[in-house]
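Chains, contacts and geometry: an overview
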Amino acid sequence: NFFFLSVYVIFLFLFILIYCYLYIDLNKFIVDKFGNLEIFKVNNLFGPYIQSILEGSGHKVNFMGIDLYSARRPILPYYLIIVYENISANFYVIHLIKNLTMGITIFFTIKFLKKNYNNLFIFICLILIFYNPHSVHTMFATSNEEGFLNYFIIILFFLITGDAKYKSFFVGLILSFIFFTKGSMFILTAAIPLAYIFFEKKKNRYLPLIMVIFSNVIWGGYNYKIQNYFTIGPTGSAVNALNLSLVYQKDFSSTYPRVSPDIYYYKTAELIESKKISTEKELNKILIHQSLVFLKENPFEVAKGMLKKLYLITLSPFKDAQVNENINNPIRYSNFSNKIIFNLSLIFLLINIFKKKGSILNKNLDYYYLIILVAYMLPYLIGFVYPRHCVAMYTLAHLYVFSYLIENNKYKLTKFMKK
């Protein structure tokens, strides 16, 4: 076991180093001449958010003249701040600490929650998690929430389908981490505790729900203290409202998914100016209301956009689109295996759920996978989605298909995986 773990850590270490080298080579602005992270230049508004914290201006992003306090959840920025200020500013070190910690956590999560399976089972699970270049690139990153979220979703999957002494506490804990990682996960963190209460027979099965409610109260209370506005659900992140404003307008389906919807931020800016919006509360209220009106008045356009999102999730081979319309969006070959396995997992899921044999307790794996899949993807189907957003589900699909094959003893796999 020690030898197996050592080899895994060595390979993981090397993969992280390769990732860092390639990332810096393509994004030279992200480090200074000493190889230290330019922390204020981190993408996706995290750089300005971190700068605001470190310079004492508050936990906010100023976007189009409005201070947004709920635009970013704390897990990613505070990881960067803590490591940057207390351990090392080196780009390699920052990524090694995060990904080695999360990678080793996944190793022991599989080992201790799947006690009936041997090292071959663990080895194949790790291969399925880390073999795909695009998936690894997304997981190793610290410039977007998926760099943490994908690890947390994998751990959640093994936790709720496995068995542990303090299972309810750990499920609640990982759901709290997910909640404080990305604002769009409010549906998933609400759905899983309710499913857990239904499927589990443990006396403390209500604990995950209590912990998630507590997390919502902390986040909503924090925003209420700052701006006298309790944020919850879709209003829990200003980014949710901004994304809706890009999607629920007449030009979205004509350019998506070829071009990123970010090109339409000028329309949001014009709306903010015309409505004289000055606070985050007003922004959320007006943008969400405008989106609902567009949905009601243009159901055909919305349905057309929805079909394009489903196409992108299941079939599209192309990379994430660019903001510049003149840049071609090339094929990403690592999308092929992800989407083939994802579609296969949907077929297996339907077969298993509609089988007449077996009790509902034997189908927990299927129902939990279905609930995670729907709850995770629903915010993206309402808003917009690109392959980087789907990596957690693509990885989970690999693990689900593998579990399906073992549970159904396909190709006599069970005897090779069981201790």
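**Some points on the packing of helix α1 (residues 2–26) against helix α4 (residues 91–113)**
With their axes 10 Å apart at the nearest point, α1 and α4 run at an angle of 145° to one another. Handedness of the crossing formed by α1 with α4: right-handed. Each residue belonging to the contact of α1 with α4 can be placed in one class, and the counts come to 20 nonpolar, three polar and no charged.

**Looking at the nonpolar core**
Counting residues in hydrophobic clusters, the biggest one holds 128 residues, and the most contacted among them are Phe 130, Ile 153, Leu 156, Leu 188, Ile 372, Tyr 376 and Met 393. By residue number, the principal contributor to this core is helix α18 (residues 387–407), which donates 13 residues.

**Looking at a nonpolar patch on the surface**
Judged by side-chain polarity, Ile 10, Phe 11, Phe 13, Leu 14, Phe 15, Ile 18, Tyr 21 and Leu 22 come together as a nonpolar surface patch covering roughly 790 Å² of accessible area. Along the chain, Phe 11 falls in helix α1.

**With respect to the pattern of salt bridges**
Under the counting rule described, the total for this entry stands at nine salt bridges. Lys 267 is the salt-bridge partner of Asp 251, the closest N and O atoms lying 2.4 Å from each other. One end of the pair, Asp 251, is in the loop between α11 (238–247) and α12 (252–255); the other, Lys 267, is in helix α13 (residues 265–275), with 16 residues separating them in the sequence. A salt bridge links Asp 320 to Arg 332, with the shortest nitrogen-to-oxygen separation between them at 4.0 Å. One end of the pair, Asp 320, is in the loop between α15 (299–314) and α16 (334–353); the other, Arg 332, is in the loop between α15 and α16, with 12 residues separating them in the sequence. The pair Asp 320 / Arg 332 is uniform in exposure class, with both members buried. Members of the salt-bridge network, linked through shared partners, are Lys 250, Asp 251 and Lys 267.

**Describing the side chain of Lys 309**
With respect to the secondary-structure elements, Lys 309 resides in helix α15. One buried charged residue, Lys 309, remains without a salt bridge, the closest side chain of opposite sign being Glu 301 at 11 Å. Among all residues touching Lys 309, those that are not within four sequence positions of it are Val 247, Phe 252, Tyr 256, Tyr 380, Leu 381, Ile 382, Gly 383 and Val 385.

**A look at the side chain of Ser 345**
Inspection of the secondary structure assignment puts Ser 345 in helix α16. Among the residues examined, Ser 345 registers a relative accessible area of 0% and is labelled buried.

**Looking at the environment of Met 211**
Relative to the helices and strands, Met 211 is located in helix α10 (residues 207–227). With a relative accessible area of 16%, Met 211 lands in the buried category. Along the sequence, Met 211 and Leu 173 sit 38 residues apart, while their C-alpha atoms lie 7.3 Å from each other.

Cut-offs applied
- Residues numbered from 1 in each chain as written.
- Predicted model: local features only at pLDDT ≥ 70, side-chain atom pairs only at ≥ 80, totals over all residues.
- Heavy atoms only, no water.
- Axes fitted to C-alpha atoms, helices over the stretch in contact; angles between N-to-C directions.
- Helix = DSSP H or I, 4+ residues; strand = E, 2+ residues; numbered from the N terminus.
- Left-handed = near helix turned anticlockwise from the far one by under 90°.
- Nonpolar A, V, L, I, M, F, W, Y, C, P; charged D, E, K, R; others polar.
- Core = buried A, V, L, I, M, F, W, Y, C linked by side-chain atoms within 4.5 Å.
- Buried < 20%, exposed > 50% of the residue type's maximum accessible area, 1.4 Å probe, protein only.
- Patch = residues over 30% accessible without salt bridge, like charges linked within 9 Å, V, L, I, M, F, W, Y side chains within 5 Å.
- Areas by Shrake-Rupley, 256 points an atom, 1.4 Å probe, with all protein chains shown as cover.
- Salt bridge = Lys/Arg side-chain N within 4 Å of Asp/Glu carboxyl O.
- Lys, Arg positive; Asp, Glu negative; His and termini not counted.
- Contact = heavy atoms within 4.5 Å.

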